[in-house]
Amino acid sequence: QVQLVESGGGLVQAGGSLRLSCAASGDVFRIRTMGWYRQAPGKQRELVAAIGSGGSTNYADSVKGRFTISRDNAKNTVYLQMNSLKPDDTAVYYCYLRSALGEIYWGQGTQVTVSS
């Protein structure tokens, strides 16, 4: 089993920045991919960014150039640096982890609100 604890959400004005963190504990030796999804009210959950064990990254088109995902393997932690935030970025952000066996684990979610 793996547990994910997120932090760093909050309220920010448009154009501002936030940094989300997600720390994994438990059977962390089985980590393959870590990343972030988000879900806005009335919308489906969508992938924001992901990073593989080797450091390869993937971003949603809507956040490219504004968000940066990084990973500290020694701390089993993934970060999402969000710059130039827009009201459309308002959502609950969920950390996820995919194990080498294909298991998916989710964090509890952290609210990000961007005011105009």
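Residues numbered from 1 in each chain as written. Predicted model: local features only at pLDDT ≥ 70, side-chain atom pairs only at ≥ 80, totals over all residues. Heavy atoms only, no water.

Engineer: Sorry, what's going on with unusual backbone geometry here?
Structural biologist: Positioned with a positive phi, Asn 76 is a non-glycine residue whose angle comes to about 50 degrees. If you trace the backbone, Asn 76 turns up in the loop between β7 (67–72) and β8 (77–82). Residues other than glycine seldom take positive phi values, yet Ser 84 does so here, at roughly 50 degrees. Within the secondary structure, Ser 84 sits in the loop between β8 and β9 (91–99). Residue class for Ser 84 comes out partly exposed when judged on its relative accessible area of 41%. (Helix = DSSP H or I, 4+ residues; strand = E, 2+ residues; numbered from the N terminus. Buried < 20%, exposed > 50% of the residue type's maximum accessible area, 1.4 Å probe, protein only.)

Engineer: It is not clear to me how the nonpolar core should be interpreted in this structure. Could you clarify?
Structural biologist: Inside soluble globular proteins, nonpolar side chains tend to come together where they are buried. Core analysis: the largest hydrophobic core is formed by 30 residues, its most contacted members being Leu 4, Trp 36, Leu 80, Met 82 and Tyr 93. Elements with a contribution of two residues or more to this core: β1 (2–7), β3 (18–26), β4 (31–39), β5 (46–52), β7, β8, β9 and β11 (110–115). (Core = buried A, V, L, I, M, F, W, Y, C linked by side-chain atoms within 4.5 Å.)

Engineer: Mind showing me how you'd approach the environment of Arg 45 here?
Structural biologist: With respect to the helices and strands, the residue Arg 45 is situated in the loop between β4 and β5. C-alpha separation for the pair Arg 45 and Tyr 94, spaced 49 residues apart in sequence, amounts to 9.1 Å. Contacts of Arg 45, omitting those with residues within four sequence positions, involve Tyr 37, Arg 38, Gln 39, Tyr 94 and Trp 106. (Contact = heavy atoms within 4.5 Å.)

Engineer: Honestly, the side chain of Arg 38 in this entry has me stumped. Any pointers?
Structural biologist: Tracing the sequence through the fold places Arg 38 in strand β4. Arg 38 sits in the buried class, given a relative accessible area of 6%. Of the polar contacts made by the side chain of Arg 38, one reaches the side chain of Glu 46; its length is 2.7 Å. Within the structure, Arg 38 has its side chain in polar contact with the side chain of Tyr 93 (distance 2.9 Å). Those residues in contact with Arg 38 that sit more than four places away from it in its chain are Gln 44, Arg 45, Glu 46, Val 48, Ser 62, Val 63, Phe 67, Asp 88, Asp 89, Ala 91, Val 92 and Tyr 93. (Polar contact = N/O pair within 3.5 Å; in protein donor to acceptor, adjacent residues only side chain to side chain.)

The values reported here are purely geometric and, on their own, carry no functional implication.
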